[in-house]
Amino acid sequence: MKRTLSLALAALLAAGGSASAQTLEKLTFALNWFPVGDHAAYWVALDKGYYKAKGLDVTLENSKGSGDVIAKLDTGRADAGVADAAVVIAASTRGSTVKSVGMIWDNTALNFFSLKSNPILKPKDLEGKNLGAPPGDSQRQMFPGFAKITGIDASKVTWVNIEPAAKVAALAEKRLDGVGDAVTGLPLYEKASGKGNVVQMLWADFGFDLYSLSIAASAKTMKERPKVLKDFLEASYMGWRDVMADPKAAMAIYKKRVPEIDYDVISENMLMGLALMNTERYAKNGIGFIEDKKMCNSVDLVNTYMGLTKKAECKDVYSMEFFTKIEMPKKTN
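Criteria and thresholds
Residues numbered from 1 in each chain as written. Predicted model: local features only at pLDDT ≥ 70, side-chain atom pairs only at ≥ 80, totals over all residues. Heavy atoms only, no water. Buried < 20%, exposed > 50% of the residue type's maximum accessible area, 1.4 Å probe, protein only. Helix = DSSP H or I, 4+ residues; strand = E, 2+ residues; numbered from the N terminus. Pairing = 2+ DSSP bridges. Axes fitted to C-alpha atoms, helices over the stretch in contact; angles between N-to-C directions. Contact = heavy atoms within 4.5 Å. Expected span 1.5 Å × (residues − 1). pLDDT = per-residue confidence, 0-100. Disulfide = S-S within 2.5 Å.

**Thoughts on the pairing of strand β4 (residues 99-103)**
Working step 1: With respect to burial, β4 is a largely interior element, 4 of its 5 residues being buried.
Working step 2: In this structure, β4 lies alongside strand β10 (residues 213-217), joined through 4 bridges in antiparallel fashion. Each residue of the ladder has a partner; that of Lys99, found in β10, is Ala217.

**A word on the sheet that holds strand β9 (residues 198-202)**
Working step 1: Taken together, 5 strands build an open sheet; the order of strands is β7-β6-β8-β5-β9 and the sheet is mixed. Every interior strand has two partners, whereas the edge strands, β7 (158-160) and β9, have only one. Each strand of the sheet is rotated relative to its neighbour by a mean of 30 degrees, with strand direction disregarded.
Working step 2: With 3 bridges connecting them, strand β5 (residues 111-115) and strand β8 (residues 178-180) associate as antiparallel partners. In the strand pairing of β8, Phe112 is matched with Gly180.
Working step 3: Of the strands in this sheet, β5, β7, β8 and β9 touch helix α6 (residues 138-150), which is tilted by about 170 degrees from β7.
Working step 4: Contacts from helix α8 (residues 186-193) reach β5, β8 and β9 within the one sheet, and its direction differs from that of β9 by about 155 degrees.

**Focus on helix α14 (residues 292-305)**
Each full turn of the α-helix corresponds to 3.6 residues, which orients residues three or four apart in the same direction.
Working step 1: Here α14 spans 20 Å end to end across 14 residues, near enough to the 20 Å set by a 1.5 Å rise per residue.
Working step 2: Of all the positions in α14, only Lys294, Met295, Ser298, Val299, Leu301, Val302 and Asn303 are classed as buried.
Working step 3: Buried residues in α14 make contact with α5 (85-92), β4, α6 and α13 (280-285).
Working step 4: Positioned one or two residues after α14, Gly307 has a phi angle of 65 degrees, which is positive.

**Some words on the sheet that holds strand β1 (residues 25-30)**
Working step 1: Taken together, the 5 strands give an open sheet; going across it, the order is β2-β1-β3-β10-β4, and neighbouring strands pair in mixed fashion. Every other strand in the sheet has two partners, leaving β2 (56-61) and β4 as the edge strands with one partner each. In this sheet, neighbouring strand axes are inclined to one another by 30 degrees on average, regardless of whether the strands run parallel or antiparallel.
Working step 2: Contacts from α5 reach β3 (80-84), β4 and β10, with the element oriented near 100 degrees to β3.
Working step 3: Packed on one face of the sheet, helix α10 (residues 226-245) meets β1, β2, β3, β4 and β10 and runs near 155 degrees to β10.

**Details of the confidence of the model for the protein chain**
Working step 1: The share of residues in the protein chain with pLDDT of 70 or more is 93%, and the mean pLDDT across the chain is 91.
Working step 2: Every residue in residues 1-20 is under pLDDT 50, and counting partners more than four places away or in other chains gives 0 contacts.

**Observations regarding the state of the cysteines**
Working step 1: Considering all chains together, one arrives at 1 disulfide under this definition.
Working step 2: Here Cys296 pairs with Cys314 through a disulfide, and the sulfurs are 2.2 Å apart. In this structure the cystine formed by Cys296 and Cys314 twists about its S-S bond by roughly -95 degrees; its chirality is therefore left-handed. One end of the pair, Cys296, is in helix α14; the other, Cys314, is in the segment after α14, with 18 residues separating them in the sequence.
Working step 3: The exposure class of Cys296 is partly exposed, given its relative accessible area of 22%.

Structure, rendered in structure tokens:
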């Protein structure tokens, strides 16, 4: 009887020790808007247990643009998030301590969508037009810079505040002349407006190229939880590696985790995002690598063209301290 009790006690203690060892660090990750292909990697990392293996309990939540994500990070409502690097740079001059700690898209995705029946093909076409985007959207915040570098009169462009999820319908229903959105959103717009009926105007085609979507972190997370942040980044880039290696498998996981997504549209959307990541810089340095020269050039662009009241400093807007090299797959689909 004593032996039985001893064994039972030992088992109980072992179970308690195991439970203690499995205590996970909570981390809230703010996605930049409603579910799109740009977010697939984080669901893959979650589903495959990459976060849990690092001792992390990660919660993914939607936001209303990069500005909204930065506000969440600065106020402690999120620990890390997806935010356009240019918006992070601009925010640093207004007292934000958020930094980009890893890149997502190595090439810019800034873009305007319009309809073929009322096309916006070049910057000058924007004058006299009504454009839609939330105040915190990357295109909205970077527009003063785009206007200056392309020589258009920004005062002749009217911005309309709309929710991120309302952009597609607003354009399809011709309530707006155009919307600012990432180039990867084309499948969503074509679904609503018809194949071949949507026109793109990529900012990079007119000399405006800077760092784009990044993973950003709050000062609190960077200072108080450096290992948690480093582990989160590594697990996230493992997710991106798997998405690159097998997009179909990644989409199957995404659809399982977020059933409301349109598989075909989001799949195409995701592949367009992967094209922005398939670069020599990532092949050489690992997924998410931030190059000092390109980042500082991006800061110069923001300083020169966004009309900030204070100059942004390159050292204040990003950190490679938490980066772990995750190599791209040998073959990307």
